[in-house]
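# Examination of the molecular architecture
Spelled out from the first residue to the last, the chains are:
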Amino acid sequence: MAKSSLYNMRSYALKLVNGEHDESYSFLPKYVEMVKLTNRDSAAFCAWTEGHRPEKPLIFKSIFISFKGVIDGLPAGCRSLIRVDGAHLKGSFGGVLLSAIAIDANNEIFPFAWAIVGGEDKENWKFFLTHLKNLLEKQKFANRGDDWCIISDRQKGIEAALTIVWPKIGRRYCCKHLAKNWKGKFNGPLMYSLFWRACTATSPLTFRKAMERIEKANPLAIIWLANLRDQSRWKRHKFDPQICCEENKTNFVESLNSTFGIDRCRPVLTLLEGVRRMCMVRMSTRRKNCVDWADNEPCPNI
């Protein structure tokens, strides 16, 4: 049998199991209503644009989802560091899955909000960050206000959207992405090791020594870091232990994207249900595990 015939049969079987890609988008308004009906106080919003064909009067634009359980868990047991990133979808219509992920008290990832948009541009990031800001501002019992910090790569759409939507929030860049730019500007193993020594400093003394060695090796590097600090809106000119922690990379969101696996190829409704089940199973498993913890012991990963 020809490979093309096998491929067509496989595609036909997947359509029977998961449904059509274009048909899946038409179910999203009902999906949003069902989320709000069955899971009170959850955040679910769907946006459409006007089409130019009679058979398609509306065209899907974006959807934002965050369930009540993860909304309550965010201020109750997570730090104020939030990682945002996008994962490209592999379905018939493409798109990007935007995610917001926190770190809980046990050093484990805590996904709490996600959206599907057309691409990673300023308008789509504004949509996602606006809903994210409203979501966090409603958690008044956390008393954090703008004392959140968002870490991401240097995607231009994120920075432009944050400047408009949430200019007062703390800002960081992933050191792993910065290291690529650093190596292009200041090549050599010495400069590379000094860069990571400064990034991973856990005390003012260690940080100051690393910066002094960088300045001694190449004074231009200090100017480059100073410009980056101004762009990142760091609170102080020197090491600040209140906003610095061991999380200076975005690997934890990449690990989340890898868990989606084959769901990124499936219709949008199947993908959203896959994300929901993943979060539900993750929270249930952790709840069962913590029941066995001894009262006089801290979390295992602390």
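Further up the page is the structure itself.
Here's what I pulled together on the structure shown here.

What counts as what
Residues numbered from 1 in each chain as written. Predicted model: local features only at pLDDT ≥ 70, side-chain atom pairs only at ≥ 80, totals over all residues. Heavy atoms only, no water. Helix = DSSP H or I, 4+ residues; strand = E, 2+ residues; numbered from the N terminus. Buried < 20%, exposed > 50% of the residue type's maximum accessible area, 1.4 Å probe, protein only. Areas by Shrake-Rupley, 256 points an atom, 1.4 Å probe, with all protein chains shown as cover. Phe/Tyr/Trp six-rings, centres within 6.5 Å; stacked < 30°, edge-to-face > 60°. Lys NZ or Arg CZ within 6 Å of the ring centre and 35° of its normal. Axes fitted to C-alpha atoms, helices over the stretch in contact; angles between N-to-C directions. Parallel < 35°, antiparallel > 145°, perpendicular 65-115°, else oblique. Left-handed = near helix turned anticlockwise from the far one by under 90°. Contact = heavy atoms within 4.5 Å. Polar contact = N/O pair within 3.5 Å; in protein donor to acceptor, adjacent residues only side chain to side chain. 1 Å grid on protein atoms, 1.4 Å probe; cavity = no way out; pocket = protein on both sides within 12 Å on 5 of 7 lines; lining within 4 Å. Points joined across faces, edges and corners; volume = space filled by probe spheres on them. Nonpolar A, V, L, I, M, F, W, Y, C, P; charged D, E, K, R; others polar. Core = buried A, V, L, I, M, F, W, Y, C linked by side-chain atoms within 4.5 Å.

### Things to note about the overall build of the protein
- Helix and strand content of the protein: 12 helices and seven strands.
- Here the protein holds 302 residues, and the buried ones make up 42% of them.
- Accessible surface, the protein as shown: approximately 17,200 Å² in total, 55% of it carbon and sulfur.

### Remarks on the packing of aromatic side chains
- Counting across every chain of the model gives 11 aromatic pairs.
- For the ring pair Trp182 and Trp224, a centre distance of 5.4 Å and an interplane angle of 65° mean the geometry is edge-to-face. On the criterion of sequence distance, the pair formed by Trp182 in helix α7 (residues 175–185) and Trp224 in helix α10 (residues 219–232) is long-range, its members being 42 residues apart. Assigned by exposure class, Trp182 and Trp224 land together as buried.
- Three or more aromatic residues link up through ring pairs in this structure, and these residues are Trp182, Phe186, Phe195, Trp196 and Trp224.
- The ring of Tyr192 carries Lys183 above its face, with NZ or CZ at 5.1 Å from the centroid.

### So, the packing of helix α5 (residues 122–137) against helix α6 (residues 156–165)
- Viewed as axis vectors pointing N to C, α5 and α6 meet at an angle of 50°, and their least axial separation amounts to 8 Å. Between α5 and α6, the angle falls in the class oblique. Helix-helix and strand crossings are classified by hand; for α5 and α6 the assignment is right-handed. For the pair α5 and α6, contact is made by Lys122, Trp125, Lys126, Leu129, Thr130 and Lys133 and by Gly157, Ile158, Ala160, Ala161, Leu162, Ile164 and Val165, respectively.

### Overview of the side chain of Arg171
- Along the chain, Arg171 falls in strand β7 (residues 170–173).
- Taking the relative accessible area as the measure of exposure, Arg171 reaches 1% and is therefore buried.
- A polar contact of 3.4 Å, which involves the side chain of Arg171, links it to the backbone oxygen of Ile150.
- A distance of 2.9 Å separates a polar atom in the side chain of Arg171 from a polar atom in the side chain of Glu159.

### Things to note about empty space enclosed by the protein
- According to the stated counting rule, one finds two cavities of 30 Å³ or more in the structure shown.
- His21, Tyr25, Leu89, Lys90, Gly91, Ser92, Phe93, Gly94, Arg264, Arg266, Pro267 and Val268 are the residues that line the largest cavity.
- Residue composition of the lining of the largest cavity, grouped by class: five nonpolar, four polar and three charged.
- In this structure, the second largest cavity spans a volume of roughly 30 Å³.
- Along the walls of the second largest cavity sit Leu97, Ser99, Pro111, Ala113, Trp114, Leu256, Phe260, Val275 and Met278, which together make up its complete lining.
- Secondary structure elements with two or more residues in the lining of the second largest cavity: β4 (96–104), β5 (109–117), α11 (251–260) and α12 (268–291).
- For the lining of the second largest cavity, the leading source of residues is β5, giving three residues.
- Residues that form the lining of the second largest cavity fall into these classes: eight nonpolar, one polar and no charged.

### Some remarks on unusual backbone geometry
- Phi is positive for Asp41, which is not a glycine, with a value near 70°.
- As for its position among the elements, Asp41 is in the loop between α3 (28–38) and β1 (43–53).
- Although it is not a glycine, Asn107 sits at a positive phi angle of roughly 65°.
- Position of Asn107 relative to the elements: it lies in the loop between β4 and β5.
- We classify Asn107 as partly exposed; its relative accessible area is 33%.

### Some words on the environment of Thr200
- Tracing the backbone through its elements, the reader meets Thr200 in the loop between α8 (189–199) and α9 (204–217).
- Here the alpha-carbon distance between Thr200 and Ala210, two residues 10 residues apart in the chain, equals 10.0 Å.
- Among the polar contacts made by the side chain of Thr200, one reaches the main-chain carbonyl oxygen of Trp196 at a distance of 2.6 Å.

### Thoughts on the nonpolar core
- Grouped together as the largest cluster of nonpolar side chains are 58 residues, with contacts concentrated most on Ile63, Val84, Phe112, Ile116, Phe128, Leu129 and Leu132.
- If one sorts the elements of this core by residue count, β5 sits on top with eight residues.
- Sequence-distant contacts of Phe128, that is, excluding residues within four places in its chain, are made with Phe64, Val84, Leu98, Ser99, Ala100, Ala113, Trp114 and Ala115.
- Of all hydrophobic cores here, the second largest spans 19 residues; its members include Tyr173, Phe186, Ala201 and Met211.

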